[in-house]
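# Close look at the chain arrangement
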Amino acid sequence: MARRKTIPDAQVLDALLDALMEAGPAGLTFARAAQTAGLSAATLVQRYGDRDALVQAIMLRAWDCLDAETASADAQEAPTPEGAIALLLRLMSPERAERDVTDGLLLLREDIRNPILRARGAAWGYRLAEALGRRLSPDPEKGRRLGWQMASVWQGAHTWWGFTRQDTAERAIRNALEEWVRDAVEGKGKTA
């Protein structure tokens, strides 16, 4: 008879995400994962197979959490450009801004290299762009384009904040998004 799992996979994978962020995919060993998760390395090998499968499982769980967080923000934020900004800022909490702009880049590399994770990221990107687009234009095609643009501005503003640190992450990213909405959506940009 098989033993019952005493610690559910979701709990194990959530605990291991921080270790993966710190060590990077190449630096996460079964010994480190076992210490973090409170399980033996042998148990982790039994559950996930090899290290690459463990890393993929952790990252797929992170995508599951981001999908749920995005769906919740989409359901709760106003169907306006301001609601689009609020949605994005909910996905980038001030507490995680530093971690996401530095350690998160190690995971982004893995997401892009692994076809399963890359497909998962692309699917999330389409859902995010659609959620933003509904808030930016009643025209579905224009909304789709604006949604992708806004998501790009959001990610770019977060990355550039990581270099400049001229303000808090939230304020710098909010300012970039508000300026983009004024220019691209409301057409209130400055003229030369």
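Calculation rules
- Residues numbered from 1 in each chain as written.
- Predicted model: local features only at pLDDT ≥ 70, side-chain atom pairs only at ≥ 80, totals over all residues.
- Heavy atoms only, no water.
- Helix = DSSP H or I, 4+ residues; strand = E, 2+ residues; numbered from the N terminus.
- Buried < 20%, exposed > 50% of the residue type's maximum accessible area, 1.4 Å probe, protein only.
- Lys, Arg positive; Asp, Glu negative; His and termini not counted.
- Charge placed at Lys NZ, Arg CZ, Asp CG, Glu CD.
- Contact = heavy atoms within 4.5 Å.
- Expected span 1.5 Å × (residues − 1).
- Polar contact = N/O pair within 3.5 Å; in protein donor to acceptor, adjacent residues only side chain to side chain.

## Some words on the overall build of the protein chain
Scanning the protein chain from terminus to terminus reveals nine helices and zero strands. Along the protein chain, helices and strands appear, N-terminal first, in the series α-α-α-α-α-α-α-α-α. Taking the principal axes of its C-alpha atoms as reference, the protein chain extends roughly 70 × 35 × 25 Å. Residues counted as buried form 37% of the 192 residues belonging to the protein chain. Taken together, the 26 basic and 27 acidic charged side chains of the protein chain have centroids lying 3 Å from each other.

## Quick word on the side chain of Ser-137
Along the chain, Ser-137 falls in the loop between α7 (115-136) and α8 (140-164). The residues touching Ser-137, leaving out its near neighbours within four places in the chain, are Lys-142, Gly-143 and Leu-146.

## Brief notes about α8
Helix length check: α8, at 25 residues, gives a terminal C-alpha distance of 35 Å against a target of 36 Å (1.5 Å per residue), a fit within 8%. Those residues of α8 that fall on the buried side of the exposure criterion are Gly-143, Leu-146, Gly-147, Met-150, Ala-151, Trp-154, Ala-157, His-158 and Trp-161. Here α8 starts with a cap whose side-chain oxygen sits 2.8 Å from the backbone nitrogen of Glu-141, and that cap is Asp-139. Immediately downstream of α8, the backbone of Arg-165 shows phi near 50°, a positive value.

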